[in-house]
Amino acid sequence: MRNVILVGPMGAGKSTIGRLLAKELRLPFKDSDKEIEQRTGADIPWIFDVEGEQGFREREQAVIAELSMQDGLVLATGGGAVMRPENRQALHAGGRVVYLHTSVEQQIDRTSRDRNRPLLRTANPAQVLRDLMAVRDPLYREVADIVIETDERPPRMVVQEILARLEDLSPR
Ligand SMILES: Nc1ncnc2c1ncn2[C@@H]1O[C@H](COP(=O)(O)OP(=O)(O)OP(=O)(O)O)[C@@H](O)[C@H]1O
Ligand SMILES: O=C(O)C1=C[C@@H](O)[C@@H](O)[C@H](O)C1
Ligand SMILES: [Mg+2]
């Protein structure tokens, strides 16, 4: 079997739902952001500060390429992973891709308590989230086999819907 891969913006719930989904499927869970941090020995804000976004994206591409090639993982990706065509190709080839959709209003709410997202350390994080969503929403949809709405749905309900929709997919 190939992997189940979660894509979507910051605050969509990829890390939270990925962990629960992996438990349900009894598969190992990997989070590309965490994997980058472990391999670098530094957290994401540090990588952005020292190496710039470009440096982070290079590390992200290497991790996505490697993890997508594995089998039987639940893989949560970073919010910007779909920006590079090489990543979209690797993710599509690596398994079933699930886009966790959320409104910008929910993103603002879900990311407001957490300081670990360097792109949101600005005067107007809501505008940044809106601008990123305008560019990225079509890319998440391009790479996804399934789109799942997460607004007003607790993580456990989202997981059950993913499981049902994965069952319904025909082989590709
Ligand atoms: N369906 C949901 N309903 C309510 N809260 C949620 C839901 N999904 C996630 N959350 C909460 O939103 C916050 C962000 O979730 P999470 O870190 O899983 O997002 P992410 O998609 O991994 O973001 P990033 O791309 O920045 O890594 C967490 O506090 C989490 O508990
Ligand atoms: O949306 C983004 O570009 C990002 C999302 C996070 O998951 C991290 O990958 C990083 O903070 C960048
Ligand atoms: Mg995450």
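The model shown is predicted, which means the values in this text are computed figures rather than measured ones.

This paragraph deals with the UniProt feature "binding site: substrate" (unreviewed entry) in the protein chain. The UniProt record annotates "binding site: substrate" (unreviewed entry) at Asp33, Arg57, Gly79 and Arg136. None of the other annotated residues line the largest cavity; only Arg136 do. In this fold, Asp33 is placed in helix H2 (residues 32–40). For Asp33, a relative accessible area of 21% puts it in the partly exposed group. With near-sequence residues (within four places) excluded, Asp33 lies in contact with Ile44, Phe56, Glu60 and Gly78. Topologically, Arg136 is positioned in helix H6 (residues 125–143). With residues up to four places along the chain from it excluded, the contact list for Arg136 reads Arg57, Gly79, Gly80, Met83 and Leu119.

Around ligand 1 lies a shell of 15 residues, among which Lys14, Ser15, Thr16, Arg117 and Arg153 are the nearest. The separation between an oxygen atom of ligand 1 and a polar main-chain atom of Ala12 is 3.3 Å. At a separation of 2.5 Å, an oxygen atom of ligand 1 approaches a polar side-chain atom of Arg117. Protein chains bury 74% of the 640 Å² of accessible surface belonging to ligand 1 in isolation. In this structure, ligand 1 is accommodated by the largest pocket. If you tally residues by element for the shell around ligand 1, the top one is helix H1 (residues 14–25), at three residues. Looking at the shell around ligand 1, its residues break down into four nonpolar, six polar and five charged.

Below, the discussion takes up the nonpolar core. Within the largest apolar cluster, 26 residues are counted, with the highest numbers of intra-cluster contacts made by Val7 and Leu91. Broken down by secondary-structure element, the contributors of at least two residues to this core are strand S1 (3–7), helix H3 (44–68), strand S4 (95–101) and H6. For this core, the leading source of residues is H3, giving seven residues. In contact with Val7, other than residues within four places in its own chain, are Lys14, Thr77, Val82, Leu91, Val97, Val98, Tyr99, Leu100, Tyr140 and Val143. Counting 18 residues, the second largest nonpolar core, distinct from the first, contains Val4, Leu21, Val158 and Ile162.

Attention now goes to the packing of aromatic side chains. Centre-to-centre distance and the angle between the planes together describe a pair of aromatic rings. One pass over the structure, following the stated rule, counts two aromatic pairs. Measuring from centroid to centroid gives 5.0 Å for Phe48 and Phe56, while their planes differ by 35°, and the two rings are tilted. Here Phe56 falls in the buried class, since its relative accessible area comes to 3%. Seen from their ring centres, Tyr99 and Tyr140 are 4.9 Å apart, and the 35° between their planes marks the pair as tilted. Placement of the pair is Tyr99 in strand S4 and Tyr140 in helix H6, with a sequence separation of 41 residues.

Let us now look at the layout of surface pockets. Put simply, the largest pocket is a space of about 700 Å³. Mapped onto the lining of the largest pocket, the elements with two or more residues apiece are H1, H2, H3, helix H5 (104–111) and helix H7 (155–168).

Thresholds, definitions, all that
Residues numbered from 1 in each chain as written. Chains lettered and ligands numbered in written order. Predicted model: local features only at pLDDT ≥ 70, side-chain atom pairs only at ≥ 80, totals over all residues. Heavy atoms only, no water. UniProt positions renumbered as here; feature names shortened; annotations may be inferred. 1 Å grid on protein atoms, 1.4 Å probe; cavity = no way out; pocket = protein on both sides within 12 Å on 5 of 7 lines; lining within 4 Å. Helix = DSSP H or I, 4+ residues; strand = E, 2+ residues; numbered from the N terminus. Buried < 20%, exposed > 50% of the residue type's maximum accessible area, 1.4 Å probe, protein only. Contact = heavy atoms within 4.5 Å. Near = heavy atom within 4 Å. Polar contact = N/O pair within 3.5 Å; in protein donor to acceptor, adjacent residues only side chain to side chain. Areas by Shrake-Rupley, 256 points an atom, 1.4 Å probe, with all protein chains shown as cover. Sits in = over half its atoms within 2 Å of the grid points. Nonpolar A, V, L, I, M, F, W, Y, C, P; charged D, E, K, R; others polar. Core = buried A, V, L, I, M, F, W, Y, C linked by side-chain atoms within 4.5 Å. Phe/Tyr/Trp six-rings, centres within 6.5 Å; stacked < 30°, edge-to-face > 60°. Points joined across faces, edges and corners; volume = space filled by probe spheres on them.

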